[in-house]
Each structure stands twice: as C-alpha cells, then as structure tokens.
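Residue-level listing of the chains:
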Amino acid sequence: MEKKENNQKLRVCVATCNRADYSKLAPIMFGIKMEPEFFELDVVVLGSHLIDDYGNTYRMIEQDDFDINTRLHTIVRGEDEAAMVESVGLALVKLPDVLNRLKPDIMIVHGDRFDALALATSAALMNIRILHIEGGEVSGTIDDSIRHAITKLAHYHVCCTRSAEQHLISMCEDHDRILLAGCPSYDKLLSAKNKDYMSIIRMWLGDDVKSKDYIVALQHPVTTDIKHSIKMFELTLDALISFNKRTLVLFPNIDAGSKEMVRVMRKKGIEHHPNFRAVKHVPFDQFIQLVAHAGCMIGNSSCGVREVGAFGTPVINLGTRQIGRETGENVLHVRDADTQDKILQALHLQFGKQYPCSKIYGDGNAVPRILKFLKSIDLQEPLQKKFCFPPVKDNISQDIDHILETLSALAVDLGGTNLRVAIVSMKGEIVKKYTQFNPKTYEERINLILQMCVEAAAEAVKLNCRILGVGISTGGRVNPREGIVLRSTKLIQEWNSVDLRTPLSDTLHLPVWVDNDGNCAALAERKFGQGKGLENFVTLITGTGIGGGIIHQHELIHGSSFCAAELGHIVVSLDGPDCSCGSHGCIEAYASGMALQREAKKLHDEDQLLVEGMSVPKDEAVGALHLIQAAKLGNAKAQSILRTAGTALGLGVVNILHTMNPSLVILSGVLASHYIHTVKDVIRQQALSSVQDVDVVVSDLVEPALLGAASMVLDYTTRRIY
C-alpha cells in the first residue's frame with residue numbers, strides 16, 4: 001500500500017461495546033490521540049457499556065479523558081438468544097445515522113461480539129473501510145462464526161499470533177492487508193506488574209488477603225449450550241465454596257444465559273458469603289494487578305487464556321468456550337467440567353503455582369505497529385475487497401454422466417436371518433440389492449456389513465448413482481442420535497451396545513444414520529407409502545416379531561429412552577402365552593411369526609396340522625406359512641389360531657387408536673394381509689365410536705425396512721428434520 005499523504009488526516013472511528021473490547025482498543029485510542037497531526041478520533045460507545053447492571057463502564061472511557069461522540073443504547077434486555085438478535089437489529093437501525101454524521105475514513109472493530117457484527121455490517125454496507133482487531137483466532141461457540149463473519153466484511157486485519165495470521169490467509173484474505181502486531185492490551189500488561197498492587201488487592205478483597213492467596217473467577221454463558229454452561233457455573237461455585245479461599249467473582253457478560261447465571265450466584269448467596277466478593281466491573285488497570293498476583297484464575301473468559309499468560313498466573317479454563325485458543329503452559333483445561341470433584345481437583349493442582357510468563361499474544365509493541373499500519377492506508381485505493389482464492393483447475397466442459405447422476409442412498413437391513421444392502425434412488429426405486437446370510441458373531445457381521453457396503457458403493461459409481469449417505473435398519477432398541485444399537489432382539493446375537501455409525505462412516509467417508517426397523521417402516525410410509533403427507537399415523541410390522549413406528553405431527557417419535565412404539569409388547573391378555581420380552585399376553589406372543597410357528601409345531605406334533613393337499617418335507621421346519629396354508633385349506637384349528645392372533649392384534653390397534661388417535665393405521669409385513677379383516681372387525685366391536693372411522697390399511701411397500709433406511713438419508717438431503 002502507498003503511504004498516505006501527511007497533509008490529510010485519517011478520520012478514525014473506534015466503536016467499543018463492552019469492558020473487554022475496551023481493554024484492547026484503549027491502547028490504540030491513546031496512540032491515535034497522541035498523534036493529532038495524523039489522526040482525528042471519534043469514539044462511539046454502545047452495548048453493555050451503557051447498562052447499569054454491567055457497571056456503566058462507559059465511565060472508564062470518560063475517566064481516560066476520551067470525548068465520547070455518540071452513545072447508542074442498543075441492548076434489548078432479556079439475556080436470551082432472541083434478545084441478542086434483537087440487539088443486533090436495534091444497532092443496525094441506529095448506526096446509519098451516526099456513521100452518516102461522523103463520516104469516518106475507517107472504523108476499528110474488535111473481536112467477536114454480536115455488537116461488533118452489527119458495527120461491521122453497517123460500515124461495510126455504507127462503504128466505510130473496516131480494520132478488524134483479533135481476526136483469525138479460534139475459540140468456541142458462536143463467537144467463532146461471528147469473528148470469521150467480521151473478517152469477511154473487514155478490509156484490513158490486525159492479528160495477534162502467527163496461527164491467526166495463517167488462518168486469515170487460509171480464509172482468502174489479502175496478505176498485504178494483514179498485520180501481525182500482537183495484542184494491544186499486552187502493551188499495557190507487560191509494563192504493569194511492578195506497580196503498587198497490595199492496595200488494589202485490599203480494596204477489592206479485604207485487608208487480610210495476601211498476594212497469591214486468592215482466586216479470580218470470571219465465567220460467561222456458552223450461547224450454543226446455555227443449560228450446560230449454567231450447570232457448569234453452579235458446579236464451579238460449589239467447588240470454590242469447598243476450596244475455601246477468598247475469591248473475587250466478576251459478573252458474566254451480557255450474552256444469552258447471563259441472567260440465569262446471576263440467579264445461580266444469588267441462590268448460593270455468593271454476594272453475602274464471607275469468602276466471596278462479587279462485582280460487576282473492575283477497571284482494567286486494577287484488574288491487571290488482581291490477576292497478576294492471584295493464586296489462580298478460573299472460568300472461561302478469553303482473558304484467562306490470553307492476557308493472564310503474560311504474568312504466569314495459573315489458569316483453569318472450564319468447558320468449550322475457549323477450546324480452540326492458543327495457550328501457554330499456565331492453562332489447565334477442564335473440557336468436561338461436569339462434576340464438582342473435577343473442578344476442585346483442578347483447583348488443588350493449580351492454586352499457588354507460578355509458571356513462566358508467556359508472550360504468545362504479544363511483545364508489548366502492538367500499538368506502534370498498528371499506528372504505522374493505519375498511516376500506510378491509501379484512501380485512493382478501490383474500496384471493494386479482493387479475496388485471494390487458491391488456484392482452481394478450470395472446468396470448461398460438463399460431463400453428461402454427472403448431469404444424469406442419480407442421487408441415491410445405501411440402505412442396510414439387518415434381519416434375524418438375512419443381511420441386505422441396497423442402492424435406493426430418491427424416488428424410492430431399488431436400483432440394486434445384495435443379500436447374504438446374517439452371521440452369528442459380531443466380528444463376522446460387522447466385517448460383512450463393511451464389505452457389502454464398500455462393494456455396493458463401488459457398484460453405484462458404475463450405475464451412475466451418487467451415494468449421499470448410509471441408512472441402517474436393525475432390530476432392537478437404537479439410539480439414533482449416536483448411531484448405536486443399545487439392545488438387540490434375541491434373533492440377532494452379539495449385537496448390544498454396538499456403534500454402527502463410526503466404522504461405516506470411517507470406511508465409506510459418508511454420513512450414517514441408524515434406527516430401529518419398526519421406525520424405519522414408518523419412515524418408509526411417510527416418504528414413499530400411504531403415510532405420505534399425513535400428519536399423524538401409526539405403522540405396525542407383522543413379521544418374525546411385531547414392531548412399529550409412530551409419526552406424530554409429521555415427525556417420528558423415539559421416546560425419552562428410544563423405546564417408543566414397541567407396539568408388539570402391548571399386553572392384550574393378563575393370562576396369555578409367554579412373550580420373548582419376559583412378560584406374557586403381549587401382541588407378539590399371539591400374532592408374530594414366531595408365535596404362529598409355535599402353534600403350528602404343536603398342531604403338527606399332534607398330527608392336526610396337515611389336511612388334504614398339504615405336505616411338509618422331512619428336511620423342512622414347520623412354520624407360520626404352513627399354518628396359514630392349512631387355514632386356507634379348511635383346517636378349523638388353524639383358522640381358530642389365526643383368528644385369535646388377528647384378534648390380539650386388533651385389540652392392540654384399538655389401544656393405539658385410544659392412545660394416539662392417528663388418522664391412519666398401516667399394517668406392514670408378510671402377515672398383514674392375513675390379519676386385516678379380523679383387525680377391522682375388532683375395531684368395530686371394541687373401539688370407541690369416535691375412532692371407528694380411522695382407516696386401517698395394508699402397506700403396499702415391498703421393502704419397507706430398506707426404503708425406511710434410505711429415507712433417513714434422503715430426507716436429510718432435502719432438509720427434512722429427522
């Protein structure tokens with residue numbers, strides 16, 4: 001960049017939103033003020049600076065002898081997510097008038113707060129150059145997203161570490177517009193420690209407190225997991241109470257969840273506890289002395305992992321809010337701060353130690369570099385940003401195979417007998433299907449699943465199918481969030497607490513969904529079958545066992561412990577036959593394929609199964625299909641067994657109608673057509689009149705398990721919530 005002409009002053013607007021960003025901006029403001037021949041300074045104050053509950057910290061700006069050109073009240077109270085959004089909106093409404101009046105050449109914006117995003121957005125849209133301080137860093141929560149969004153709006157960047165500089169370059173920012181200066185606050189930190197500090201310690205913590213014998217606590221809400229961060233704060237306070245050292249607790253910032261954290265403080269009586277001093281704000285000069293001579297600092301503030309390293313003070317960083325920050329050896333991370341004991345143990349490990357001073361974030365000379373950088377800005381340069389994208393291979397042609405590629409899913413069905421994998425298109429067409437016997441051991445089964453999926457994925461390329469992900473349907477209780485089979489049916493051995501998602505995802509490099517076969521049948525009906533477009537319906541699977549799935553308000557119900565829709569275990573008789581679940585009288589004990597096989601064997605052993613026109617080869621096991629065949633050929637006892645089974649299923653459906661009141665019940669599986677008429681008869685006889693008109697139909701889907709497994713993948717790609 002060309003050097004700016006000396007006879008033209010650069011009009012710089014510095015906007016500060018809170019106590020934290022002012023500590024970084026103040027050294028720059030002092031530097032600008034010291035060179036009036038080069039700069040004109042306008043100060044805009046907004047955000048929590050102007051709120052009494054957060055200390056009215058605009059006063060420290062006045063005490064530093066800066067003229068505040070504009071005060072903007074931009075915070076919508078509520079301290080929740082909606083209030084943060086509304087605060088950004090309010091700032092966007094008010095800032096244009098201010099910027100039109102001030103007409104700055106450049107605006108200096110710091111960090112990653114939601115207020116700063118409003119500032120950067122306003123300046124960018126009003127064609128005002130933006131200098132962003134502390135871009136390129138990585139921390140955690142929503143702050144990362146906001147910081148990187150401001151980076152893309154900013155024209156110039158001042159970063160603090162070599163890693164941050166590399167991140168900015170990786171984000172396609174122009175290397176010529178990036179200054180590696182260090183953190184401006186370090187200019188003050190590295191010259192601050194030798195001042196008279198005992199008077200400051202006594203003022204804030206009491207006359208009886210000694211250096212290195214107290215704790216500073218500063219913890220903020222984590223906006224992406226407010227509930228957990230409040231719980232973590234509660235555990236922190238409990239640990240500090242148990243640790244029994246004098247502690248200075250600063251109130252949290254204004255992010256969503258801060259109000260609840262203050263309630264936790266007051267519920268525990270922190271403001272009146274003899275070991276605690278709870279304050280809304282400490283001036284930065286005094287805060288420096290307090291952390292420099294503390295026995296430990298605890299919390300999740302960026303100050304702990306950045307500034308405190310300059311003094312070698314021990315720090316305990318709790319949770320994920322600063323998870324990506326570069327830190328010195330003085331920082332002990334407690335990522336999962338989920339118990340009081342963990343935090344208490346960390347306090348015992350860290351308290352009273354002295355670590356080497358760290359200069360990761362600065363060497364004390366940031367401000368002179370920043371002022372020199374500002375002087376070099378050429379206002380005659382085009383305002384439009386240019387991004388430095390890495391070279392990309394030119395693609396001047398299109399491939400017809402790519403244009404005609406079929407979006408598809410890999411569907412896996414783990415049955416008691418067979419293991420099936422299919423390529424399923426977006427329209428529900430099974431492009432190709434593979435079937436193998438389901439092995440008896442875990443090792444053989446997982447290896448076969450991986451082998452079949454790899455082969456199917458390779459075949460999909462030849463078939464011009466683009467695989468979007470893998471969906472797995474399996475028997476038993478499944479945690480679909482983690483992709484884990486919690487407990488399998490007795491038909492699939494060695495299949496409890498099995499993580500299916502990780503090995504498949506690692507092997508195929510595709511997203512993987514897993515769910516119970518009954519739920520998959522319901523998903524198949526929702527996307528491809530008779531449940532399409534319906535808000536509420538229930539699917540019952542009649543096969544080897546009895547299962548099902550419930551769709552309520554268009555979404556699948558899993559239940560609090562992933563046990564919803566175990567419809568086969570609705571009890572329809574208090575003294576019925578034993579069920580595989582350990583109870584008796586369940587629908588499954590009457591109407592499942594296993595139950596019919598049991599009854600068929602009894603009849604066969606008593607020579608009462610076979611009728612004229614029937615035979616069972618000696619090497620063939622008697623099963624449910626033989627019972628159905630006998631009933632069709634007039635075997636009265638077989639007909640009675642099927643009627644009893646259908647009645648049990650019908651009573652279960654009546655219970656479902658009375659409980660869920662769906663608009664449709666879909667019977668799926670190989671036995672559905674044999675039960676449908678009996679089920680409808682039972683509904684007419686037993687159900688309340690208000691639900692007797694609910695339609696009960698037989699599914700017309702041939703492969704509900706495979707289609708349901710595929711729908712988990714295909715619904716996600718069309719942004720359907722699952």
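Going by what an unreviewed UniProt entry lists, the chain is known as Bifunctional UDP-N-acetylglucosamine 2-epimerase/N-acetylmannosamine kinase and is assigned to Camelus ferus. Recorded in UniProt for the chain, the comment headed Subcellular location (unreviewed entry) runs: "Cytoplasm, Cytosol". The UniProt entry for the chain carries the following text under Pathway (unreviewed entry): "Amino-sugar metabolism; N-acetylneuraminate biosynthesis."

**Examining the overall build of the chain**
Across its full length, the chain carries 24 helices and 26 strands. Taken over the C-alpha atoms alone, the chain extends approximately 110 × 70 × 50 Å along its principal axes. Each of the 722 residues in the chain was classed as buried or not, and the buried ones make up 56%. Sequence separation of 24 or more characterises 68% of the internal contacts of the chain that already satisfy a separation of 6 or more. Side chains of the chain give 76 positive and 86 negative charges; the mean places of these two sets differ by 4 Å.

**Some words on the sheet that holds strand β3 (residues 68-72)**
In spatial order, the strands read β3-β2-β1-β4-β5-β6-β7; together these 7 strands make up an open sheet with parallel pairing. With partners counted over all chains shown, the strands left at the sheet margins are β3 and β7 (178-180), one partner each. Each adjacent strand pair in this sheet contributes to an overall mean axis angle of 20°, direction not counted. Sheet topology note: the strand β2 (residues 39-46)/β3 ladder contains 4 bridges and is parallel.

**Description of the confidence of the model for the chain**
Overall, the predicted model of the chain reaches an average pLDDT of 90, with 96% of residues at or above 70. Mean pLDDT values over the elements of the chain span from 54, in helix α15 (residues 400-403), up to 97, in strand β5 (residues 129-133). Below a pLDDT of 50 lies the segment residues 1-6, which in the model reaches 17 contacts outside its immediate sequence neighbourhood of four places, other chains included.

**Quick word on the pattern of salt bridges**
In total, this model carries 37 salt bridges according to the counting rule given. Two residues, R71 and E62, come together in a salt bridge whose shortest N-O distance is 2.2 Å. By relative accessible area, which is 40% here, R71 ends up partly exposed.

**Notes on the pairing of strand β1 (residues 10-16)**
Burial of β1 is extensive: 6 of the 7 residues sit out of reach of the surface. Alignment of β1 against β2, held across 7 bridges, turns out to be parallel. Each residue of the ladder has a partner; that of R11, found in β2, is E40. Assessed by its sense of winding, the connection that carries the chain from β1 through helix α1 (residues 19-33) to β2 is right-handed. The pairing of β1 with strand β4 (residues 106-110) spans 3 bridges and is parallel. Note that in β4 the partner of V12 across the bridge is I106.

**Describing unusual backbone geometry**
The phi torsion of most residues other than glycine is negative, and most of the peptide bonds are trans. Phi is positive for C172, which is not a glycine, with a value near 75°. When you line up the elements, C172 lands in the loop between α6 (162-170) and β7. The phi angle at N464 is positive, at roughly 60°, despite the residue not being glycine. Among the structural elements, N464 can be located in the loop between α16 (442-462) and β17 (465-474).

**Concerning helix α3 (residues 81-102)**
Along its 22 residues, α3 runs 31 Å from first to last C-alpha, staying within 8% of the 32 Å computed at 1.5 Å per residue. Every buried residue belonging to α3 is among A83, M84, S87, V88, A91, L95, V98, L99 and L102, and all of these are buried. Count one or two residues on from α3 and you reach K103, which has phi positive near 45°.

**Focus: the UniProt feature "binding site: an N-acyl-D-mannosamine" (unreviewed entry) in the chain**
UniProt records the feature "binding site: an N-acyl-D-mannosamine" (unreviewed entry) at R477, T489, D517, E566 and E588, using the numbering of this structure. Turning to its location among the elements, T489 is positioned in the loop between β19 (484-487) and β20 (498-499). The class of T489 is partly exposed, set by a relative accessible area of 33%. When near neighbours in sequence (up to four residues on either side) are disregarded, T489 contacts G475 and G476. Relative to the helices and strands, D517 resides in helix α18 (residues 517-528). In this view, D517 contacts S473, T474, G475 and I541; residues no more than four positions away in its chain are not counted.

**Considering the nonpolar core**
Ranked by internal contacts, the top residues of the largest apolar core, which has 61 residues, are M107, L119, I215, I298, I316, L318 and L347. The element contributing the most residues to this core is helix α9 (residues 226-243), with 9 residues. Non-local contacts of M107, meaning those with residues more than four positions away in its chain, are made with C13, L99, L119, A123, I128, R129, I130 and L131. Ranked by size, the runner-up nonpolar core spans 42 residues in total, among them I587, L596, V616 and Y675.

**Digging into the packing of aromatic side chains**
A full pass over the atoms with the stated rule returns 6 aromatic pairs. Summarising the aromatic geometry, the rings of Y156 and F373 are spaced 6.2 Å apart at their centres and angled 85° between planes, so their arrangement reads as edge-to-face. Here F373 lies in helix α14 (residues 366-375) and Y156 lies in strand β6 (residues 156-159), a separation of 217 residues in the sequence. You can call Y156 buried: its relative accessible area is 0%. Judged by centre distance (5.4 Å) and plane angle (70°), the rings of F243 and F351 are edge-to-face. Of this pair, F243 sits in helix α9 while F351 sits in the loop between α13 (340-350) and α14, and the two are 108 residues apart along the sequence. Among the residues examined, F351 registers a relative accessible area of 17% and is labelled buried. Lying over the aromatic face of F66, K33 brings its terminal NZ or CZ to 5.1 Å of the ring centre. Here the basic side chain of K375 rests over the ring of F38, its NZ or CZ set 4.3 Å away from the ring centre.

**Re the sheet that holds strand β11 (residues 296-299)**
Across the sheet, which stays open at both edges, the 6 strands sit in the order β10-β9-β8-β11-β12-β13 with parallel pairing between neighbours. The two strands at the open ends of the sheet, each matched to only one other strand, are β10 (276-279) and β13 (331-334). Mean inter-strand twist for the sheet, computed between neighbouring axes without regard to direction, equals 20°. Two elements, β11 and strand β12 (residues 315-318), share 3 bridges in a ladder whose sense is parallel. Counterpart to I298 in the pairing with β12 is I316. Where helix α8 (residues 198-205) meets the sheet, it contacts β8 (214-218), β9 (246-250) and β10, and its direction lies at approximately 80° from that of β9. Seen against the sheet, helix α11 (residues 284-292) touches β8, β9 and β11 and runs at an angle of roughly 125° to β8.

**Notes on the pairing of strand β25 (residues 664-668)**
Counting buried positions along β25 gives 5 out of 5 residues, so the element sits mostly inside the fold. Of the two faces of β25, the one carrying L664, I666 and S668 and the one carrying V665 and L667 are both buried. Sheet topology places strand β22 (residues 537-542) next to β25; 4 bridges connect them, and they run parallel. Bridging from a neighbouring strand, L540 pairs with L667 of β25. Judged from the 4 bridges that link them, β25 and strand β26 (residues 695-698) form a sheet pairing that is parallel. Counterpart to L667 in the pairing with β26 is V698. Since β25 and β26 lie parallel, the crossover through helix α23 (residues 672-686) that links them has a hand, and here it is right-handed.

So, how was this worked out
Residues numbered from 1 in each chain as written. Predicted model: local features only at pLDDT ≥ 70, side-chain atom pairs only at ≥ 80, totals over all residues. Heavy atoms only, no water. UniProt positions renumbered as here; feature names shortened; annotations may be inferred. Helix = DSSP H or I, 4+ residues; strand = E, 2+ residues; numbered from the N terminus. Buried < 20%, exposed > 50% of the residue type's maximum accessible area, 1.4 Å probe, protein only. Contact = heavy atoms within 4.5 Å. Lys, Arg positive; Asp, Glu negative; His and termini not counted. Charge placed at Lys NZ, Arg CZ, Asp CG, Glu CD. Pairing = 2+ DSSP bridges. Axes fitted to C-alpha atoms, helices over the stretch in contact; angles between N-to-C directions. pLDDT = per-residue confidence, 0-100. Salt bridge = Lys/Arg side-chain N within 4 Å of Asp/Glu carboxyl O. Right-handed = clockwise from strand over helix to strand, strands pointing away. Expected span 1.5 Å × (residues − 1). Core = buried A, V, L, I, M, F, W, Y, C linked by side-chain atoms within 4.5 Å. Phe/Tyr/Trp six-rings, centres within 6.5 Å; stacked < 30°, edge-to-face > 60°. Lys NZ or Arg CZ within 6 Å of the ring centre and 35° of its normal.

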